[in-house]
Amino acid sequence: MGSFSVYMEESMFHRRFKFASLILACMVILSLPTTAVFAAKDNVLTVGMECNYAPFNWTQTQKTDFSEPLPDGRSYCDGYDVQIARKIADDLGMELKVKNYAVFSSLVDGVRIGDVDLVIAGMSNTEERRQAIAFTDVYYKSEMVLVVPKASPLAGAKSLKDFSGKHVAAQIGTLHDTLVPQIPDVNHGMPMESFPLLTTAVKSKAIDAFVSEKPVAQAITNSNPDLTYVAFEANQGFTVSEEDVTVSIGIAKENTELLEDVNRVLNSLTDEDRDTIMYDAILRQPSSDTSGQEQMPSGFIAGVGFLIQNYWPMYLSGLGTTLLIALCGTAFGLTIGLVVAGLRQIKINKRDKAFVRFIKHINSIVTTAYVQYLRGTPMMVQGILFYYGIRTLGIEISPLISGIVVISVNTSSYMSEVIRAGIQSIDPGQNEAARALGMTEIQTLRFVILPQALRNALPAIGNEFVVNIKDSSVLNVILVAELFFQGNRISGIYYRQMESFFIVSMIYLSLTLISTKILSIIETHMDAPKGNYPNSQTHKANFDTLKGDE
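Rules and cut-offs
Residues numbered from 1 in each chain as written. Predicted model: local features only at pLDDT ≥ 70, side-chain atom pairs only at ≥ 80, totals over all residues. Heavy atoms only, no water. Helix = DSSP H or I, 4+ residues; strand = E, 2+ residues; numbered from the N terminus. Disulfide = S-S within 2.5 Å. Buried < 20%, exposed > 50% of the residue type's maximum accessible area, 1.4 Å probe, protein only. Pairing = 2+ DSSP bridges. Phe/Tyr/Trp six-rings, centres within 6.5 Å; stacked < 30°, edge-to-face > 60°. Expected span 1.5 Å × (residues − 1). Bend = angle between axes of the 7 residues up to and from the residue. 1 Å grid on protein atoms, 1.4 Å probe; cavity = no way out; pocket = protein on both sides within 12 Å on 5 of 7 lines; lining within 4 Å. Points joined across faces, edges and corners; volume = space filled by probe spheres on them. Nonpolar A, V, L, I, M, F, W, Y, C, P; charged D, E, K, R; others polar. Salt bridge = Lys/Arg side-chain N within 4 Å of Asp/Glu carboxyl O. Patch = residues over 30% accessible without salt bridge, like charges linked within 9 Å, V, L, I, M, F, W, Y side chains within 5 Å. Areas by Shrake-Rupley, 256 points an atom, 1.4 Å probe, with all protein chains shown as cover. Contact = heavy atoms within 4.5 Å.

## A few points about unusual backbone geometry
Item 1. The peptide bond linking Ala-54 to Pro-55 adopts the cis configuration, its omega dihedral lying at 5°.
Item 2. Of note, Pro-55 is situated in the loop between β1 (44-49) and β2 (58-60).
Item 3. Phi is positive for Asn-235, close to 70°, though the residue is something other than glycine.
Item 4. Mapped onto the secondary structure, Asn-235 falls in the loop between β12 (227-230) and β13 (246-251).

Shown next as structure tokens:
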């Protein structure tokens, strides 16, 4: 009777587990169409840029004669850098492919490991960067300014001395951040990842000003009428060398032939040609009144509605990628976690032979180190180490696959502990009873212990899935076009973060609430029955009869 009961519970568990797996599989399939894949082609010039740095480069949803498609298949990139890239590709007889990076500092790594052929992103040719990559001749010369609130007394500043004691910041990993200390007694703010973030900071008065190139400042103030920029007279502003106010194209050091070809193309452009390309880009950017596109309203609610109406395909694409990564990461992480938890359950027995004890000891060290390392380091760091590290070895791997691998491995460390705790929560008497019935150790684990451990761990497993939905946002550092990545790109079009990230927050909230509800239904469906006893055959009338007889 005991073995039959164990068998029935195990069979019922597997039927319900299959039901839950079917639901997860359907969700994965539904999320696949929103994820596009770019296939590598021969004779292609791959150029990396932010597509978040107007008027040098920006993202838009409309295809125009000036835009280039991006890897997500739903959006396009335009700007001064795109037109320079087109000129180079056309002259070299190559097909142009633009790849967008969420983090500016990742561009250097991208070209160094061969992920892109060129970096055309308003990048200055600095000594630090020359240690990692090579640079072409100058392709644009600019001027450094400070962006401030229009209502601020700083709007009338005449020199850097007027910013003494003020809180000034710049973009991380750029020349701009090195210029801030030139301001006397400045409060040097923490550098930030992007210009949209800097724009939000100065509008919210978290900082007093930030450093920018003049064309970018013009784009920012076009979208934000409450901001302006301060341009200084000679000898009153930043002290910069010719190298500091010029931008060049980054390229791998060993790619000398392409370097010569690009320099030849750049030298064929006159200063008038470059000024014309930049002027046209400023007029064409979405935030400009002359772009011919509908302008984003100034109000918050109206701005949110505008972004939803015009950029919903990008949000939908990010949603699909986020769901796919979270589902696959949780499923694969659970599978790997089961193996790791099983390995960590192996105990060293004094009766074991010396060689067996040695193997078990190594197993204990490796599995413990595996769990401790993954739980003790941020997923963002793991993503960078894996994606760029494996590409350095010459192994081509897409950002999406890298993201799934990273989140799966990271999740497995937490899942292994969840499963191990579930196994340890089972009454030891059940193990002894199963062994008394003649089951082997493997059979006992498979048919008695593990089904109950998984059932007990279901709430924690579901919670890990919800965590993965939110934690997938850190994978934007390796170019995974998930929801946060898309929100950041959209905020860079108009340099207004609040509206874009409010939409992103609502999508994340909806995902977590819906996921929590679905997981609750699955847990209820997989719960053990309250009892498997036969219904009573004794009717109330029988008791009444007996009572009357008394």
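## Overview of the state of the cysteines
Item 1. Taken as a whole, this structure holds 1 disulfide when the rule is applied.
Item 2. Each disulfide pairs two cysteine sulfurs, and for Cys-51 the partner residue is Cys-77, the sulfurs being separated by 2.4 Å. In this structure, the disulfide formed by Cys-51 and Cys-77 twists by about -110° around the S-S bond and is classed as left-handed. Highlighted residues: Cys-51 in the loop between β1 and β2 and Cys-77 in strand β4 (residues 76-78), separated in sequence by 26 residues.
Item 3. For Cys-77, a relative accessible area of 0% puts it in the buried group.

## A word on the sheet that holds β4
Item 1. In spatial order, the strands read β2-β4-β3; together these 3 strands make up an open sheet with antiparallel pairing. Looking at which strands have only one partner, the edges of the open sheet turn out to be β2 and β3 (68-69).
Item 2. Inspection of the sheet shows β2 paired to β4 by 3 bridges, in the antiparallel sense. Directly across from Gln-60, in β4, lies its bridge partner Tyr-76.

## What to know about the packing of aromatic side chains
The relation between two aromatic rings is expressed through the spacing of the ring centres and the mutual angle of the planes.
Item 1. Enumeration over the complete set of coordinates arrives at 14 aromatic pairs.
Item 2. Each member of the aromatic cluster is reached from another via a ring pair, and the members are Tyr-53, Phe-56, Tyr-80, Tyr-139, Tyr-140, Phe-195 and Phe-210.

## Topic: helix α13 (residues 399-424)
Item 1. Between the first and last C-alpha of α13 there are 38 Å, a value that for 26 residues agrees with the 38 Å anticipated at 1.5 Å per step.
Item 2. The largest bend along α13 reaches roughly 25° and is located at Ser-412.
Item 3. Burial of α13 is extensive: 19 of the 26 residues sit out of reach of the surface.

## Some remarks on empty space enclosed by the protein
To find leftover empty space, a probe the size of one water molecule is rolled over the atoms.
Item 1. Applying the stated criterion to the full structure yields 2 cavities of 30 Å³ or more.
Item 2. Here the largest cavity is characterised by a volume of approximately 60 Å³.
Item 3. Forming the walls of the largest cavity are Tyr-53, Phe-104, Ala-121, Gly-122, Met-123, Ser-124, Arg-129, Gln-171, Thr-174, Leu-175, His-176 and Glu-213.
Item 4. Residue assignment for the lining of the largest cavity shows that the elements contributing at least two residues are β6 (118-123) and α5 (175-179).
Item 5. For the lining of the largest cavity, the leading source of residues is β6, giving 3 residues.
Item 6. The residue makeup of the lining of the largest cavity, split by class, is 5 nonpolar, 5 polar and 2 charged.

## Let's talk about the pattern of salt bridges
Item 1. Scanning the model with the defined rule gives 13 salt bridges in all.
Item 2. The partner of Asp-78 in a salt bridge is Arg-284, and the shortest N-O contact between them spans 2.8 Å. Placement of Asp-78 in strand β4 and of Arg-284 in helix α9 (residues 271-284) is noted, with a sequence separation of 206 residues between them. A single burial state applies to Asp-78 and to Arg-284, both of which are buried.
Item 3. Its salt-bridge partner being Lys-87, residue Asp-91 comes within 3.7 Å of it at the nearest N-O pair.

## A few points about a nonpolar patch on the surface
Item 1. Together, Phe-300, Ile-301, Met-498, Phe-502, Met-506, Leu-509 and Leu-513 give the surface a local cluster of nonpolar side chains, amounting to about 690 Å² of exposed area.
Item 2. The set of elements that each furnish at least two residues to the nonpolar patch consists of α10 (300-344) and α17 (497-526).
Item 3. Broken down by element, the residue count for the nonpolar patch peaks at 5 residues, all from α17.
Item 4. Relative to the helices and strands, Phe-502 resides in helix α17.
Item 5. Judged by its relative accessible area of 36%, Phe-502 is partly exposed.

## Details of α9
Structural remark: α-helix, 3.6 residues per turn; residues separated by three or four positions point the same way.
Item 1. Between its terminal C-alpha atoms α9 stretches 20 Å, which fits the 20 Å expected from 14 residues at 1.5 Å a residue.
Item 2. Taken together, the buried positions of α9 are Arg-274, Met-278, Ala-281, Ile-282 and Arg-284.
Item 3. Its buried side turned inward, α9 meets β2, β4, α2 (80-92), β7 (134-141), α7 (214-223) and α8 (256-267).

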